[in-house]
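One-letter residues, chain by chain:
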Amino acid sequence: MSTSFRRIFQVIDGNKKFVGDGFDVTSPMPGPRIRQLSPYLLIDHTGPMQVAPTDAPLGTPPHPHRGFETVTVVYEGALAHRDTAGHSGSLGPGDVQWMTAGAGLLHEERHEKEFARQGGTLELLQLWVNVPKKDKLAPPRYQNIRSASIPSLPLPDGQSHIRVIAGTYENLSGPAETFSPITLLDVHLTTGAEATLHLPADYNVGIYVVKGAITLHGNRPAATKQLVVFGWDSPDIQVTATEETVLLVVAGAPIEEPLATYGPFVMNTNQELVQAIADFESGGMGKFPEDE
Ligand code: MN
C-alpha cells in the first residue's frame, strides 16, 4: 500500500496590519479565505522588525479580552506583559506565554524595557485559541512557559528538532495546560531536512511558515508567512525544508460550538457579546492600579 498524506486544502498569504504602535504584523487568519481553524482563531506574526532604541517601550495600550486565550511565542527580542488579574512577566527567545482571558481582563503588551533601551530585532507570534463554552468564563490564568521547560525531540540529522509546547507528540508532553485537546509544535529544520509529522487525523491542522521555505508531500511549496491548511484524511504530513526553516504547527480537536466574535471578545452568542461589552464598559474587567 502506498503512503498517503493529509490533503492540502489551502495555502494562505498573510495580510499586513499594525497592532498598537509596536507590532508590525502579518496575519493569515482570520481573513477572507479562513475565518478560523478551530480551536485556533487568529495568527498574528510580528516582524522580524527593527526596534529603535528608546526609553518609552512601544506596544499596545491596555485593552480587554474575554472568552479565549492568547498564546505568544517569542523568536527574537523580548516582550513585557501585565494584566488586571495581577499577572506580569517578560519573555524572550524560545519562551511562550499562555494567557487565559476567561471571564475577562485588561492587558498590556509592550517591548520589554531593557530590550527597548538597546533596540534590536523583534520577532514573535501570537495565537488566539478558543475555549469550550463551559470554560469561557473561567478565572483568568497566566502560564509563563520558559524555553528550558519545553521538551525537544531531535530529528535524525542531529540539528533539526521539534519543540512540544502543548499536547503530546511522539513520547513528549508539552508544559502548556489547555482547555481542549491541542498539539502546538515549534519546528526547526536545517536546509534539506525531512520530517514526517504524525498528528491525529481528526484534528484540524495548520502549518505556519515563520521563516524559510518548505516542500510538502514532495511537490507543494510553501514559503515564509504562508499558512497551509490540511484535511482529515491521514495522520501524516511530509515536510522537506528547502532552506533553514522555522514552522509553527497548530493542531487541535475542533470545538464544534457556535462562534460569536466582536473585536477582543470571543463568545458563543451575540447576547454574550453585548454582555461582554457592557461588563468592560462598567469596569468589570478590572483596572490597572494607576488608573484607579
Ligand atoms: Mn491582547
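A brief structural summary. (Residues numbered from 1 in each chain as written. Predicted model: local features only at pLDDT ≥ 70, side-chain atom pairs only at ≥ 80, totals over all residues. Heavy atoms only, no water.)

### Considering the environment of V51
Item 1. Within the element layout of this structure, V51 appears in strand β4 (residues 40–51).
Item 2. Expressed as a C-alpha distance, the spacing of V51 and T121, which sit 70 residues apart in the sequence, is 6.1 Å.
Item 3. Other than its neighbours up to four places away in sequence, V51 contacts H111, F115, G119, G120 and L122. (Helix = DSSP H or I, 4+ residues; strand = E, 2+ residues; numbered from the N terminus. Contact = heavy atoms within 4.5 Å.)

### Overview of the coordination of the manganese ion
Item 1. The coordination sphere of the manganese ion, as far as protein atoms go, consists of H63 (NE2), H65 (NE2) and H107 (NE2), spread over 2.1 to 2.2 Å.
Item 2. Along the chain, the residues donating to the manganese ion are arranged with the sequence spacing H-x1-H-x41-H. (Donors = N, O, S within 2.8 Å, 3.2 Å for Na, K, Ca; no water.)

### Considering the sheet that holds strand β5 (residues 59–65)
Either a parallel or an antiparallel arrangement is found when strands of a sheet pair, and the pairing is made through backbone hydrogen bonds.
Item 1. If you trace the four strands from one edge of the open sheet to the other, you get β5-β10-β7-β8, paired in antiparallel fashion. The two strands at the open ends of the sheet, each matched to only one other strand, are β5 and β8 (88–91). Direction aside, the axes of adjacent strands within the sheet are offset by 15 degrees on average.
Item 2. Pairing of strand β7 (residues 79–83) with strand β10 (residues 105–111), which is carried by five bridges, proceeds in the antiparallel orientation. Counted as the bridge partner of H81 is E109 from β10. (Pairing = 2+ DSSP bridges. Axes fitted to C-alpha atoms, helices over the stretch in contact; angles between N-to-C directions.)

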